[in-house]
Amino acid sequence: MPDFEIDIVEKRKKEKRKRRIIKLIIFIILIIIAGGLYYYRDKWYPKLEGLGEKYQTTIQNNGKLAEGNFPIEINGGSEYQFDMTKKTGYLLNDAYVYIYNQNGGLLESRQHAYSNAVMKTADGKALIYESGGYNFRVESPKKTIITKKMENTIIFGRISSQGYIAIVTNSDKFSSVLTVYDKNGKFIYGRDCIERIIDVSFTSNSEGCLLSFINAKNGALVNIMEKINFDKSEPVWISEPAETFCINSYPLESGGAVIIGDEECAYYDNSGKIVVNFVYESDFDGGDVKGNSSAIITNDEKRREYILTIIASADSEPIKIKSSEPLKDVAIYDNCAYIMTSKNIMAYDFNGQLRSTVEITDAYNSFRRSDDYIFLMGYDKIDRIDYNN
C-alpha cells in the first residue's frame, strides 16, 4: 500500500477518535448540568412555575345570576348584615337572624329583639351582640348555643374560630373591660383597662388575643398593641406605637401581628417591634389580611385615583394596581385579592397578575366569597354567581 494511502487511513482514524472524545466530553457535560439542575431544583423550579403563572390566561366568568332561591329578598329594604362561614350564610336585620345554606335555602329564622344588633362570624357560628346594650348570643345552624347578659353596656364583641367570645364593655371605674368566654360560655379571662380597647383579635387556638388601645403621643393619637395569653398575668409583648387608628388587627404565625389602620398598614415582629409600615397615599376604604398577606383599597375622588395595594409579606415590596373605577370592597380568598367596582369583580394574585374577572351591575355594594360562589350584596337583595379562579 502506498505511503499516502496509509497516511489517509491514519488521518481518518485520528478524526474518528477525536469525534468520539468530543462526544464523550459533551455527554459528560450534559450529565453534570442535568445533575446540577436536579440538585438545585428547589431554587429554580418555583421561579419557572411563577413564570408560567405570569402569562396564564385570565379567566372570564360569565356573571350569570343563580336562580331558584335567589335572589334573597331583604324585607322593606332595611339595613342588614350578611356573612358566609363554613358554607353557612347568616343574615341579620333589626329583628331576626336568618340562616341559609349556599343554595339560598332557609335553614332557620330566629328572633333576637336586640337594639343596634351587630354580627360577627367564624367557623360556622355567629356572635350577635347589642351595641350599647347588655345582651349577646351565639348562633349555630342547629341552635342558639349561648345567651348572656353583661353587667355593663357592650362596646363590641369578637368570636374566634374555636368559638371563644371576647366582649368589651364600658365601666364606671375604667375606660373599658375585657371579658372572655370559652365555646361553652364559661368565663376564662377578665381585665380592667384604664385605656380604651378599640380592637380584639384571637391568636391561634384561642390561647390569647391581641388588644389594641388608642393612646396619645406628642399630641397625636397612636395605636398601642398588646399580645396576651389567657393563662398569664403579664403581656407577651407590648408594641411600638403606630400613628394610626386600628380598624382591624390580625395575628401572624411567627408570633407577630398586622394591623390595618385608617392611615397605614403595619407589620410587627414577635417582640412587638414594627418591622415595616405602609402609609396610604389617599383615603382608606377597606382592607383584609389572610396569613402574611394584606390587601388595601384607597380612593381619591378629587384626583380620580383608585388603588388596590397588595402586600405578600413584611419582606416584600407593596404592589399597586390602579383602577379606572372607585373600589367598593376587598377580600382575600385562596391566595388572591378580590376587588369590587360598580362594573366588575377582579381577582389578583400577590404577584400583581389579574387571574380572573366577572362583569356585574352597579346594584351591589359588597360581596362575600365562599367555595365556587360569590354572593353579591345589594340594597334590598342578595344574589349569587358562580366564580372560577
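Residues numbered from 1 in each chain as written. Predicted model: local features only at pLDDT ≥ 70, side-chain atom pairs only at ≥ 80, totals over all residues. Heavy atoms only, no water.

**Q** Quick question: what am I supposed to make of the nonpolar core here?
**A** Where a protein is soluble and globular, its nonpolar side chains tend to be buried together. Phe-136, Ile-165, Leu-178, Ile-197 and Val-200 are the most contacted members of the largest nonpolar core, which has 28 residues in total. Contributions of two or more residues to this core are made by β8 (125-130), β9 (135-139), β11 (154-159), β12 (165-169), β13 (176-181), β14 (187-193), β15 (197-202) and β16 (208-217). The residues contacting Phe-136, other than those within four sequence positions of it, are Tyr-114, Leu-127, Ile-128, Tyr-129, Ile-146, Thr-147, Lys-148, Met-150, Ile-154, Ile-165, Ile-167 and Tyr-181. (Core = buried A, V, L, I, M, F, W, Y, C linked by side-chain atoms within 4.5 Å. Buried < 20%, exposed > 50% of the residue type's maximum accessible area, 1.4 Å probe, protein only. Helix = DSSP H or I, 4+ residues; strand = E, 2+ residues; numbered from the N terminus. Contact = heavy atoms within 4.5 Å.)

**Q** Can you walk me through unusual backbone geometry in this structure?
**A** Glycine aside, the phi torsion of most residues is negative, and most peptide linkages are trans. Note that the residue after Phe-70, namely Pro-71, is joined by a cis bond; omega there is 0°. Note that Pro-71 resides in the loop between β1 (59-61) and β2 (72-73). Although it is not a glycine, Ser-206 sits at a positive phi angle of roughly 55°. Its place among the elements puts Ser-206 in the loop between β15 and β16. Backbone geometry at Asp-371 places phi at a positive 55°, although glycine is not the residue there. Looking at where Asp-371 falls in the secondary structure, it is placed in the loop between β31 (364-370) and β32 (373-378).

**Q** Looking at this structure, I do not really get the pairing of strand β7 (residues 117-122). What am I missing?
**A** Working note: regular strand, side chains alternate between the two faces of the sheet. As paired strands, β7 and β8 are joined by six bridges and run antiparallel to one another. When the bridges of β8 are listed, Val-118 appears paired with Tyr-129. Linking two consecutive strands that pair antiparallel, namely β7 and β8, is a turn of two residues; a positive phi of about 50° is found at Asp-123 within it. (Pairing = 2+ DSSP bridges.)

**Q** Sorry if this is basic, but what is going on with a positive patch on the surface here?
**A** A grouping of Arg-17, Arg-19, Arg-20 and Lys-23 is seen on the molecular surface, where their side chains present a positively charged patch. Structurally, the position occupied by Arg-20 is in helix α1 (residues 3-39). Residue classification places Arg-20 among the exposed positions, given a relative accessible area of 56%. (Patch = residues over 30% accessible without salt bridge, like charges linked within 9 Å, V, L, I, M, F, W, Y side chains within 5 Å. Areas by Shrake-Rupley, 256 points an atom, 1.4 Å probe, with all protein chains shown as cover. Salt bridge = Lys/Arg side-chain N within 4 Å of Asp/Glu carboxyl O. Lys, Arg positive; Asp, Glu negative; His and termini not counted. Charge placed at Lys NZ, Arg CZ, Asp CG, Glu CD.)

**Q** It is not clear to me how the sheet that holds β32 should be interpreted in this structure. Could you clarify?
**A** By definition, the strands of a sheet pair up through backbone hydrogen bonds, in either a parallel or an antiparallel sense. The strand order across the open sheet built from four strands is β2-β33-β32-β31, with neighbouring strands paired in antiparallel fashion. A single partner strand is all that each edge strand has here, and the edge strands are β2 and β31. Direction of pairing for β31 relative to β32: antiparallel, over a ladder of six bridges. Directly across from Arg-368, in β32, lies its bridge partner Phe-375.

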